[in-house]
Every structure is written in C-alpha cells, then in structure tokens.
Amino acid sequence: MANILVVDDEMGIRELLSEILGDEGHVVTTAENARQARETRAAGAPDLVLLDIWMPDTDGVTLLKEWQRDGLLTMPVIMMSGHATIDTAVEATRIGALNFLEKPIALQKLLKAVQQGLTRNQEVARPVLYSAHTARPAPVAHDEPSVHVSAFSPQASTVATMAPHVSVMSPQQTETPGFSLSFDLPLREARDAFERAYFEHHLNREGGSMTRVAERTGLERTHLYRKLKQLGVEPGRLARKG
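Structure report, in brief.

Cut-offs applied
- Residues numbered from 1 in each chain as written.
- Predicted model: local features only at pLDDT ≥ 70, side-chain atom pairs only at ≥ 80, totals over all residues.
- Heavy atoms only, no water.
- Salt bridge = Lys/Arg side-chain N within 4 Å of Asp/Glu carboxyl O.
- Helix = DSSP H or I, 4+ residues; strand = E, 2+ residues; numbered from the N terminus.
- Buried < 20%, exposed > 50% of the residue type's maximum accessible area, 1.4 Å probe, protein only.
- Pairing = 2+ DSSP bridges.
- Axes fitted to C-alpha atoms, helices over the stretch in contact; angles between N-to-C directions.
- Arc of directions from axis to C-beta.
- Contact = heavy atoms within 4.5 Å.

## With respect to the pattern of salt bridges
Right, so step 1: For the coordinates displayed, the defined rule picks out 8 salt bridges.
Right, so step 2: The salt bridge partner of Glu 39 is Arg 35, with a shortest N-O separation of 3.2 Å. Placement of the pair is Glu 39 and Arg 35 together in helix α2 (residues 34-42), with a separation of 4 residues, close to one helical turn.
Right, so step 3: With relative accessibility at 47%, the residue Glu 39 sits in the partly exposed group.

## With respect to the sheet that holds strand β3 (residues 48-52)
Right, so step 1: The 5 strands are arranged β2-β1-β3-β4-β5 in an open sheet whose pairing can be described as parallel. Each edge of the open sheet is held by one strand with a lone partner, namely β2 (27-31) and β5 (99-102). For this sheet, the mean angle separating the axes of adjacent strands, direction not counted, is 20°.
Right, so step 2: Bridge analysis of strand β4 (residues 77-81) against β5 gives 4 bridges, and the strand direction is parallel. Pairing of Met 80 across the sheet is with Leu 101, part of β5.

## A closer look at the environment of Val 6
Right, so step 1: Along the chain, Val 6 turns up in strand β1 (residues 3-7).
Right, so step 2: By relative accessible area, Val 6 is classed as buried at 0%.
Right, so step 3: For the pair Val 6 and Thr 30, spaced 24 residues apart in the sequence, the C-alpha separation amounts to 4.7 Å.

## Re helix α4 (residues 86-95)
Right, so step 1: Within the sequence span of α4, burial applies to Thr 88, Ala 89, Ala 92 and Ile 95. One side of α4 holds all its buried residues, which, seen down the axis, span an arc of 125°. Projecting away from the buried face of α4 at angles above 90 degrees are the exposed residues Ile 86, Asp 87, Val 90 and Arg 94.
Right, so step 2: In this structure, the buried residues of α4 make contact with α3 (60-69), β4 and β5.
Right, so step 3: Where α4 ends, the next residue or the one after it, Gly 96, has phi of about 150°, a positive value.

So this is what it looks like as structure tokens:
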C-alpha cells in the first residue's frame, strides 16, 4: 500500500479517486484546496500526489512551483485537469510533475499512472520519505487451501449444514474440503455464494489489489468492479482486514 494525497476542489472527483485507490489497497488523504494540501504536505511527504490544476484559491501549477522552490517536491506528482492546454501540461512537467491526466480520467490510465509514479518513487535516487505502507503484500503460494464460504457468505449457516454438497480441495488436501455448497439452494443463490467466496478469497490473497485480482481472474477491471458491487463485496474492507 501507499499513502496518496488527492487534491481537487470537486468533491465528486475526490470521492471517486478515493474509492478507486482505496480498493487498490492504498491509504488516501484528500484536500479540497491548496491550503489543505500545504498542511498535509507539512505533516509529511505522501508517496504520491494527484493534483488538480484549476482550483479557486491557488492553482495546482503555482502550488507545484512552491513545493519545488521550497525543496518539498520529494514525491511524484501527477497533474489533473479537464481544461488545461498543452502549454500548461508542458510547464507542469518542466517544473517537476511526473505525468498529466485529462478529465474525465479513464480508470486504466489512472491506475497505470499511479503505478508508474509509485515505481519511480522507489527507484529514483533523490530524497524520498517512504511510508511503511509502501511495501507490497508478500506473494502467496498458488497451492494454498481454498477459503470456506462460511467465512464470508451470508448463507454460511445454511450452506454449512445442508447436504449434499460440492467440495473443492487444494492439491495438498485429500480429506478436508475447502469450500462447501448445498445443491438444495436455488441456482442463482448457489452461484452468487460461490462467486462471492471466490472473489473474496482472491482479494484476501492479493492484499486487496484490484489490479492483481483482475489479472488472476481474467476479468477487465471495470467488469470486476461491477461484479463485486453486484455481489456486495467490499474490496476496501477486505484489504483493511487483511
């Protein structure tokens, strides 16, 4: 996980980015103007900043110049705007911005830019204040036992006691079932119970990273978000629990 600061005067943008990045397992702090951004930066350098260009008090480019002038630009900064010109984007990059995202921000571009920024934060040879949250969760062996549906599913008490059932076991398991599902459940409920346990298992296994879960399950991220919402699965809650 990483500590990410989102600076934007639009509440909807702050909430959307917080939700997406939170689902990726990051800790997100928000600021609605340059004053709040300065206060947050004074408390310690985040691992990455998403900074809006057009804000009512002080614009993002001016704030970027301040940080660069005062030696506070020690973290990657990604600029955001829906109205910026090419000249503005070039100026921000010259000052020290790592990247520029045009609003409305596409999910894939956002996640790619954030990943590039965090990777650069770890690799560049310049003063960087690292957070304890930047370490990625340790990889989990692919042959770990499956998670029992009772750990997550609202149908736990029903599923655990009804028979007959289907058992899915890990390669090392020959007797202990890793997942039980009653054939007496209606098809839709049985399918939802399995899918809920399946996705929650992978979210726990990947430390809440939607990127890695999408790769592992073979789903496009947008489809994965919709699927989890439909099943009532909260990636951010599982990431914090893990």
